[in-house]
Amino acid sequence: MKKTRDLLTALLLAGTAALCILAADTVGAAVYAALQRCLTAVIPSLFAMIAVSGLLIRSGTVTAAGRLVHRAGRLLLGMDGDIFLIFLFSNIAGYPVGARMLISCYETGRLTKREAELLAGVCFGAGPAFIYGCIAGQLYRSAKAGLLISLSTATGSLLCAVVMSVYLRRHGHGAPPRSVVTFNAEMLPDCVSSAGRAMAEICAAILGFAVISALLIRTGALPAAAELFARLTGRDFTTSAGLICAALDVTAVGSLPAGDYTLLPAISALVTFGGGCVFMQLAAIYRGKLSLLPTAVLRLGAAAVSFAACRLLLPLFIAGETVSAAVVTKVHSAPSPVPSVLLAVMTVMVFMKYEKCRRKNV
């Protein structure tokens, strides 16, 4: 069985390599588009939050502040104070931030394996920067659309957290230990360089799923799935293909037809779930220490709640919006990638300077 599995894996990789060569134009275009998304949307919306989350953990701020909100966290969601803060922060910071903070708590013994796996399913959010910048700003030119998606995704995560509170109330660890908030000269460059490595992993995952989507299109698998999905839902082929691509990589949601408010419930569900690319990022963060299955189950439930909440609230938010969207047509121009490129260069410079100083001190 092992030899057969290894042989099939080798054949799959060889076939993928051959397709990348034969479909070089398609793959290149997909990678270029994904790189544009990384430079103009993903890096600006996530880099600062990842660096700040590292500082909050390293400096002891989360532990110290957790004691102040411990009673509120236990009363509302059955969470200890520091975990309650991680839950709040992760739902506004972006997908991988909560997972990075939880894996740190697990590695230090603050959480058990089971608790970390379950909490990873609710400490999970796209963040307003991504929702407003990549979705509401590009597809709808409306802050109301961003608010609706934010409320819907928050509703899904909050309801899952309420359900999970039954388990957490029986397994509390008590108030976080007393901690002194400390900052030193090494923390900032260390957290910046760590955020740079994290962004490299995230962007690599996005580029990888762009290649997968391109190969699925070239082989006809994705068009066939889109045709079936279109028949089942009544959507047109282009929209169906866009939704499938967004399920693989949620950053591709910006390629959906602009101004279609009937897509908002599906977009909310996709943003709440995260998609295959986000789970690949989580797998890279966990590195086999935690299972992805509890997170996937909880996010599927949260996505269903988000879809229903968005469908229910949609008539209240789009009053007067559809008319203006139908009359006014604007050509979207992507923001310049130059700031993100400069940010990446400066991150490398900080990392190199930090490593040089660390070796000199050693």
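As the structure is a prediction and not an experimental result, all values here were calculated from the model.

Attention now moves to empty space enclosed by the protein. Applying the stated rule across the entire model yields 2 cavities of 30 Å³ or more. Looking at the largest cavity, its volume works out to about 110 Å³. Residue lining of the largest cavity: 15 residues in total, with Val42, Leu46, Tyr95, Phe130 and Thr251 positioned closest to the centre. Considering each element in turn, the lining of the largest cavity owes the most residues, 3 residues, to helix 2 (residues 24-58). Here the residues of the lining of the largest cavity sort into 10 nonpolar, 4 polar and 1 charged.

As a further point, take the layout of surface pockets. Within this model, the largest pocket holds a volume of roughly 510 Å³. Lining the largest pocket are 22 residues, and of these Gly54, Arg100, Ile103, Ser104 and Ser194 lie nearest its centre. Of all the secondary-structure elements, those providing two or more residues to the lining of the largest pocket are helix 2, helix 6 (95-107), helix 10 (187-219) and helix 14 (276-286). Among the elements that make up the lining of the largest pocket, the one with the highest residue count is helix 10 (7 residues). Class assignment of the residues belonging to the lining of the largest pocket gives a composition of 10 nonpolar, 4 polar and 8 charged.

With that settled, the discussion passes to the packing of aromatic side chains. If you walk through the whole model with that rule in mind, you get 5 aromatic pairs. Ring centres of Tyr140 and Tyr261 lie 4.9 Å apart, and the angle between their planes is 50°; on these two criteria the pair is classed as tilted. Highlighted residues: Tyr140 in helix 8 (residues 128-140) and Tyr261 in the loop between helix 12 (237-248) and helix 13 (264-273), separated in sequence by 121 residues. Take Tyr140 and Tyr261: they sit in the same class, and that class is buried.

Moving on to the confidence of the model for the chain. Detailed reading of the predicted coordinates is not advisable wherever pLDDT falls low. Taken residue by residue, the chain gives an average pLDDT of 82. The fraction at 70 or more is 86%. The least confident element of the chain is helix 16 (residues 321-327), whose mean pLDDT is 44; the most confident is helix 13, at 93. Contacts of residues 322-335 to residues separated by more than four positions or lying in other chains number 7 contacts, the stretch itself having pLDDT below 50.

Residue pairs spaced three or four apart in an α-helix point in one direction, given the helix's 3.6 residues per turn. Across its 13 residues, helix 5 (residues 81-93) extends 18 Å between first and last C-alpha, which sits within 8% of the 18 Å expected from 1.5 Å per residue. Of all the residues in helix 5, the buried ones are Gly81, Asp82, Ile83, Phe84, Ile86, Phe87, Phe89, Ser90 and Ala93. Of the surrounding secondary structure, the elements contacted by the buried residues of helix 5 are helix 2, helix 3 (61-68), helix 4 (70-77), helix 6, helix 7 (113-119) and helix 9 (143-168). Immediately beyond the C-terminal end of helix 5, within one or two residues, lies Gly94, with a positive phi of roughly 130°.

Quick look at the pattern of salt bridges now. Taken as a whole and judged by the stated rule, the model has 11 salt bridges. The closest approach of N and O atoms between Lys289 and Glu107, which form a salt bridge, is 2.5 Å. Here Glu107 lies in helix 6 and Lys289 lies in the loop between helix 14 and helix 15 (293-317), a separation of 182 residues in the sequence. Under the relative-accessibility criterion, Lys289 is labelled partly exposed at 37%. With relative accessibility at 48%, the residue Glu107 sits in the partly exposed group. The salt bridge involving Glu227 is made with Arg231; its shortest N-O contact spans 3.8 Å. Pair noted here: Glu227 and Arg231 are both in helix 11 (residues 221-233), with a separation of 4 residues, about one helical turn. Salt bridges sharing partners connect three or more residues here, namely Arg74, Asp80, Asp82 and Arg110.

A separate point is unusual backbone geometry. Even without glycine at this site, Arg141 takes up a positive phi of about 50°. In this structure, Arg141 sits in the loop between helix 8 and helix 9.

Moving on, we come to the side chain of Ser268. With respect to the helices, strands and loops of the structure, Ser268 is situated in helix 13. When its relative accessible area of 0% is taken as the criterion, Ser268 is described as buried. Setting aside its immediate chain neighbours within four residues, Ser268 contacts Ile149, Ser152, Thr153, Ser306 and Cys310.

Before going further, it helps to examine the nonpolar core. Among the nonpolar cores identified, the biggest contains 89 residues, and Met79, Leu119, Val122, Ile135, Met199, Leu264 and Ile267 are the most heavily contacted of them. Contact partners of Ile135, with chain neighbours within four places excluded, come to Phe130, Tyr140, Ile149, Val253, Ile267 and Val271.

Glancing now at the packing of helix 9 against helix 13. Two elements in contact, helix 9 and helix 13, have axes whose closest approach is 9 Å; the angle formed by their N-to-C orientations is 50°. Considering the angle they form, helix 9 stands oblique to helix 13. Judged by the sense of rotation from one axis to the other, the crossing of helix 9 with helix 13 is right-handed. Mapping the contact onto sequence places Ala145, Leu148, Ile149, Ser152 and Thr153 in helix 9 and Leu264, Ile267, Ser268, Val271 and Thr272 in helix 13. Taken together, the residues that form the contact of helix 9 with helix 13 break down as 6 nonpolar, 4 polar and no charged.

Each value, and the rule that gives it
Residues numbered from 1 in each chain as written. Predicted model: local features only at pLDDT ≥ 70, side-chain atom pairs only at ≥ 80, totals over all residues. Heavy atoms only, no water. 1 Å grid on protein atoms, 1.4 Å probe; cavity = no way out; pocket = protein on both sides within 12 Å on 5 of 7 lines; lining within 4 Å. Points joined across faces, edges and corners; volume = space filled by probe spheres on them. Helix = DSSP H or I, 4+ residues; strand = E, 2+ residues; numbered from the N terminus. Nonpolar A, V, L, I, M, F, W, Y, C, P; charged D, E, K, R; others polar. Phe/Tyr/Trp six-rings, centres within 6.5 Å; stacked < 30°, edge-to-face > 60°. Buried < 20%, exposed > 50% of the residue type's maximum accessible area, 1.4 Å probe, protein only. pLDDT = per-residue confidence, 0-100. Contact = heavy atoms within 4.5 Å. Expected span 1.5 Å × (residues − 1). Salt bridge = Lys/Arg side-chain N within 4 Å of Asp/Glu carboxyl O. Core = buried A, V, L, I, M, F, W, Y, C linked by side-chain atoms within 4.5 Å. Axes fitted to C-alpha atoms, helices over the stretch in contact; angles between N-to-C directions. Parallel < 35°, antiparallel > 145°, perpendicular 65-115°, else oblique. Left-handed = near helix turned anticlockwise from the far one by under 90°.

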